[in-house]
Structure formats: structure tokens, C-alpha cells
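Fold and geometry: a report
Here is what each chain is made of, one letter per residue.
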Amino acid sequence: MRMLFVGLLFSFLSITAVAQMKSATEDLRGMMPGTGKIDYEKLVELFTDAIKQYPDKPSQYNNRAVARYKLQDFTGALTDLDKAIELSPNYPNAHYNSGLIKLKQKNYAGAIEDFKLVMDIVPKDTNAYYNSALAKYYTGKKEEALSDLDKALKLSPGFEWALCNSGVIKNEMDKSEEAIQLLTKAIGINAKDGDYYNNRGQAYQKAGNANKACDDFKKGAELGSAKAAERAASCK
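Residues numbered from 1 in each chain as written. Predicted model: local features only at pLDDT ≥ 70, side-chain atom pairs only at ≥ 80, totals over all residues. Heavy atoms only, no water.

1. A few points about the overall build of the chain
- Assigned secondary structure in the chain consists of 13 helices and 0 strands.
- For the chain, the α and β elements follow one another from N to C terminus as α-α-α-α-α-α-α-α-α-α-α-α-α.
- Counting over 236 residues, the chain shows a buried share of 49%.
- Intrachain contacts of the chain at a sequence separation of at least 6 include 58% that bridge at least 24 residues.
- Per element, the accessible surface of the chain, about 12000 Å² overall, is 52% carbon and sulfur. (Helix = DSSP H or I, 4+ residues; strand = E, 2+ residues; numbered from the N terminus. Buried < 20%, exposed > 50% of the residue type's maximum accessible area, 1.4 Å probe, protein only. Contact = heavy atoms within 4.5 Å. Areas by Shrake-Rupley, 256 points an atom, 1.4 Å probe, with all protein chains shown as cover.)

2. Topic: the packing of aromatic side chains
- Under the definition given, this model contains 6 aromatic pairs.
- Ring centres 5.7 Å apart and planes at 70 degrees place the aromatic pair Tyr96 and Phe115 in the edge-to-face group. Of this pair, Tyr96 sits in helix H5 (residues 92-104) while Phe115 sits in helix H6 (residues 108-121), and the two are 19 residues apart along the sequence.
- A residue is classified by how much of its surface remains accessible, and Phe115, at 0% relative accessible area, is buried.
- Taken together, the ring pairs connect Tyr108, Tyr137 and Tyr138 into an aromatic cluster.
- Over the ring of Tyr96 we find Arg29; its NZ or CZ atom is 3.5 Å from the centre of that ring.
- A cation sits over an aromatic face here: Lys57 above Tyr54, 5.9 Å from the ring centre. (Phe/Tyr/Trp six-rings, centres within 6.5 Å; stacked < 30°, edge-to-face > 60°. Lys NZ or Arg CZ within 6 Å of the ring centre and 35° of its normal.)

3. Re the layout of surface pockets
- Its boundaries defined by the atoms lining it, the second largest pocket holds a volume of some 220 Å³.
- Taken together, Ser23, Ala24, Glu26, Tyr69, Leu100, Leu103, Lys104, Lys106, Tyr108, Leu134 and Tyr138 make up the lining of the second largest pocket.
- Listing elements by their share of the lining of the second largest pocket, those giving two or more residues are H5 and helix H7 (126-138).
- It is H5 that contributes the most residues to the lining of the second largest pocket, 3 residues altogether.
- Among the residues making up the lining of the second largest pocket, the classes are represented as 7 nonpolar, 1 polar and 3 charged. (1 Å grid on protein atoms, 1.4 Å probe; cavity = no way out; pocket = protein on both sides within 12 Å on 5 of 7 lines; lining within 4 Å. Points joined across faces, edges and corners; volume = space filled by probe spheres on them. Nonpolar A, V, L, I, M, F, W, Y, C, P; charged D, E, K, R; others polar.)

4. As for the nonpolar core
- Formed by 50 residues in total, the largest nonpolar core has its most connected members in Ile101, Leu103, Phe115 and Ile169.
- Considering every element that reaches this core, the biggest residue donor is H7, with 7 residues.
- Not counting the four nearest positions on each side in its chain, Ile169 is found in contact with Met21, Tyr137, Lys142, Ala145, Leu146 and Leu149.
- Ala179, Tyr204, Phe217 and Cys235 belong to the second largest nonpolar core, which has 9 residues in total. (Core = buried A, V, L, I, M, F, W, Y, C linked by side-chain atoms within 4.5 Å.)

5. Let's talk about unusual backbone geometry
- Look at Gln72: it is not a glycine, yet its phi comes out positive at around 65 degrees.
- Checked against the element boundaries, Gln72 lands in the loop between helix H3 (58-70) and helix H4 (74-87).
- Its relative accessible area of 52% is what places Gln72 among the exposed residues.
- Unlike most non-glycine residues, Lys106 shows phi in positive territory, near 65 degrees.
- Position of Lys106 among the secondary structure elements: in the loop between H5 and H6.

6. Looking at the pattern of salt bridges
- The final tally for this structure, using the stated rule, is 17 salt bridges.
- A salt bridge links Asp148 to Lys136, with the shortest nitrogen-to-oxygen separation between them at 3.0 Å. Of the two residues, Asp148 is situated in helix H8 (residues 142-155) and Lys136 in helix H7; the sequence distance between them amounts to 12 residues.
- The buried category is assigned to Lys136, whose relative accessible area is 12%.
- Connected through salt bridges with shared partners, the residues Arg64, Arg68, Asp73 and Asp80 form a single ionic network. (Salt bridge = Lys/Arg side-chain N within 4 Å of Asp/Glu carboxyl O.)

What is shown is where atoms sit, not what they do.
Take a look at the structure:
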């Protein structure tokens, strides 16, 4: 009787369930101080002085863009990156940083274009494929997103966030068994991320395995996943 109840309850939950995608890597690229507290306003001033001395050097605009990004000045950052790209059209760091900012602004088409340019220039840039996949996913291009994630995983087989997001997308495409395999790999790399258990629990749920789904939701809740905790509460 309990199994029937859990199955019915999971049928209801599946309507509203939202898996936890891993976000953009946000590894902006430029010359920044490596340690200690960073005064980004001061850095903007320093890079502005450098630009006055070397107005044709694209790296200075890229560096100031990173500092401006840290100050939440996305418009100023994109203006600097546009200038860096104008001076050096094949400057991968500027295209990459531009893609990250556009992704944050939900300008997914612009982000996809920027990351495509990075991948053309640097074909083995794992994070460019990963972030491109996110932008494509958010525009509903799941097959293309999976293709980019596959390329990221070929370059970095242990990239757990790429495994996680691949699993989420596979589950949304009703390929729950493939999703379970991918999320199990992510858990094998990092068994302390509650999101992985929450996502695998949803895949088990879709596959019709209520017991394993509940086990994963409970484990995810123990590890601090709020989404897993919501589902674990229904497994009593």
C-alpha cells in the first residue's frame, strides 16, 4: 500500500519537480591579483591609466572589463570587451568574458555566439563548451546543449558539473536510465553534493523506482539540498 501511495505522490510531484542545474563557471579571464582582498575600484583606475598609455593594447580593456564586472558594471565591462575585440578580433579571453556576462544577463543568443567564437579559436576550451551548453539549454536547444556537454566531457571526463547537467537534460528528455548513469558518475567524483542526489532521485522517480528515488532524496537532504529535502518529506 505504501508503494502505491508513494507512486501516486511522485506522479503529482513530477509535474512541479525542478532539477538543480549547475551554473556557469564564471571564471572570467584576465590579469587579476591572486591573493588578499581586491579593491576593484582601484583596479579600474589602474587599468584606465594603462589604457591611456597603451590605447591599442586589447588586454588592458579586457582586464578593466573583469574589474568592472566584479563591480557589477556589466554595461561598462561589455563596452571594454567590445573594444578589446575591435582591436583583436581573435582574442579568446575577450569573447569568453563577453559570453559569461551575456549569459548572466540572460542574453543567451549573444552568449552562444561568443562561446562559438571561443571554440573556433581554441577548440579544446572545456569551459566554453560547458557554458555554451547552458545558454543553449535555456533557449530550449537541449540536443545542442547535450552535444556541447559531450564535447566538454571528452576533453575533461571528470567534469562533474557537465555530468550533472547532462543527466538533468537526459532525464527531461525521458532518457532516465542514461541520466542515472551520468549522475552516478558525478556522485562517484563528488559524493558530498546534495544536488546530484536530488537529480538522480528524480531520474529514479521517472524510471519508476520509488525506493531508490526516496533514498537519494533523503541523502540529498542530509547534504543540504533544499529541493531534495522537499521531496524527502514525501517519502515517509
